[in-house]
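Topology and contacts: notes
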Amino acid sequence: MKTRMTDLFGCRYPIQCGGMLWIAKPSLAAAISNAGALGNLTSGNYNSADELRTAIDETRQLTRAPFIVNITTMPSIRLPVELLQDFFRVCCEKEVTALEIAGAPVDRFLGPEFIPMAKEAGVKVLHKVGTVKHAVHAQKVGYDAVTIAGFEEGGFPHKDNVSTLVLVPRVVSEVDIPVLAAGGMANGRSLAAALSLGADGIMMATRFLATRESEVHPNIHKVLVDKKEYDTSLNLQSLLSAFGLQVRALSNTIMKQVADVEHAGGDLTDLLPLISGERAKAVWKEGNAEEAMLTIGQSVGLVEDIPTVGELMERMIAEARESLDLARGLLSENEGAWQQKSSA
Ligand SMILES: Cc1cc2nc3c(=O)[nH]c(=O)nc-3n(C[C@H](O)[C@H](O)[C@H](O)COP(=O)(O)O)c2cc1C
């Protein structure tokens with residue numbers, strides 16, 4: 001499983017964990033990296049540059065394998081631009097393997113000096129995008145790789161509502177840098193499909209949330225196993241479509257209330273108490289999945305158990321190989337049968 005992604009980041013398998021606020025912390029990041037994929041340390045978990053510095057050191061004590069740091073470049077009261085700029089500088093100072101930028105492009109949101117700063121430090125920069133246009137921009141301004149996320153993804157999909165199946169081959173034919181596929185990725189068959197579409201690897205988040213090493217309440221793990229592909233919905237268009245975004249979250253009591261407030265013409269002040277990150281933070285710990293906006297992808301329908309990250313990786317790689325062999329076998333069988341038939 002050597003691809004341009006494994007070459008770029010130095011990981012064993014072409015699988016990356018996506019940023020996960022309150023979840024992607026040193027222990028999970030290290031478990032994923034130790035299992036051969038690319039673990040994620042999400043900077044939004046921290047309130048200062050020093051806290052992020054400590055978290056990077058902590059992750060390095062748990063793994064010698066590479067991991068990626070997520071910086072979510074969206075307007076936020078808790079994480080102002082100056083703090084995001086400090087996070088970026090810390091990652092360069094610490095020479096982390098790579099940065100996953102999600103949201104506005106670094107050159108526009110943080111400043112034109114930041115991508116050259118990463119290049120100078122030897123830090124690879126990947127941008128998670130939701131459209132072909134944004135992938136092309138990322139390549140133009142010097143990013144090393146892009147993740148293209150279809151609207152199946154949990155979190156903040158683009159408002160265009162285009163699926164991963166269509167976006168991946170579109171982006172692959174428009175850029176030359178490595179491309180990761182995200183949204184709907186959860187098992188070895190997803191990986192095989194993404195590679196067949198021309199991607200260099202995959203990114204997934206919900207599937208890593210459903211592992212034994214993710215530190216959430218056992219009820220949350222049970223919910224992830226029980227919920228199906230139709231149990232998430234797209235929300236908050238009234239607030240986010242100006243930024244080209246929306247939120248995919250688990251359908252639950254809070255999201256019904258959010259929809260009611262939106263329909264009644266409520267604004268951010270009305271919505272904030274329902275959608276606050278602090279609410280989600282409490283739910284991950286306490287386990288009542290009805291009580292917060294939980295950014296879960298349609299891939300939840302593919303979650304059937306809570307394995308260790310190591311078990312998940314081994315299973316996925318074996319299944320991907322099997323799926324690719326099966327497809328190759330089917331194609332050559334068909335070709336042989338067709339030739340026999342046409343020459344008879
Ligand atoms: C619990 C959770 C928290 C997330 N938090 C963030 C975040 O802080 N920043 C970000 O860029 N994406 C975040 N995402 C989105 C993921 O990084 C990723 O784009 C998406 O979940 C992929 O779809 P999947 O979950 O179906 O694999 C989060 C996803 C989940 C499941």
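Residues numbered from 1 in each chain as written. Predicted model: local features only at pLDDT ≥ 70, side-chain atom pairs only at ≥ 80, totals over all residues. Heavy atoms only, no water.

Counting its secondary structure elements, the chain contains 16 helices and ten strands. For 344 residues, the compact-globule formula gives about 20 Å, and the C-alpha radius of gyration of the chain, at 20 Å, lands near that figure. Dimensions of the chain along its principal axes, counting C-alpha atoms only, are 75 × 50 × 35 Å. Taking all 344 residues of the chain together, 52% fall into the buried category. Sequence-distant contacts, at least 24 apart, represent 68% of the contacts inside the chain between residues at least 6 apart. Accessible surface for the chain amounts to roughly 15200 Å². Of this, 53% is attributable to carbon and sulfur atoms. (Helix = DSSP H or I, 4+ residues; strand = E, 2+ residues; numbered from the N terminus. Rg over C-alpha atoms; globule rule 2.2 N^0.38 Å. Buried < 20%, exposed > 50% of the residue type's maximum accessible area, 1.4 Å probe, protein only. Contact = heavy atoms within 4.5 Å. Areas by Shrake-Rupley, 256 points an atom, 1.4 Å probe, with all protein chains shown as cover.)

Below, the discussion takes up empty space enclosed by the protein. Taking a probe equal in size to a water molecule and rolling it over the atoms shows the remaining empty space. A complete count under the given rule lists one cavity of 30 Å³ or more for this structure. Approximately 40 Å³ is the volume attributed to the largest cavity. Of the residues belonging to the lining of the largest cavity, the class tally is five nonpolar, four polar and one charged. (1 Å grid on protein atoms, 1.4 Å probe; cavity = no way out; pocket = protein on both sides within 12 Å on 5 of 7 lines; lining within 4 Å. Points joined across faces, edges and corners; volume = space filled by probe spheres on them. Nonpolar A, V, L, I, M, F, W, Y, C, P; charged D, E, K, R; others polar.)

Attention now goes to the packing of helix α7 (residues 132-140) against helix α8 (residues 164-174). Where α7 meets α8, the closest approach of the two axes is 10 Å, and the angle between their N-to-C directions is 30°. At the point where α7 passes α8, the crossing takes the right-handed sense. Two secondary-structure elements touch here, α7 through Val132, Ala135, Val136 and Gln139 and α8 through Leu167, Arg170, Val171 and Glu174. When its residues are assigned to classes, the contact of α7 with α8 shows five nonpolar, one polar and two charged. (Axes fitted to C-alpha atoms, helices over the stretch in contact; angles between N-to-C directions. Left-handed = near helix turned anticlockwise from the far one by under 90°.)

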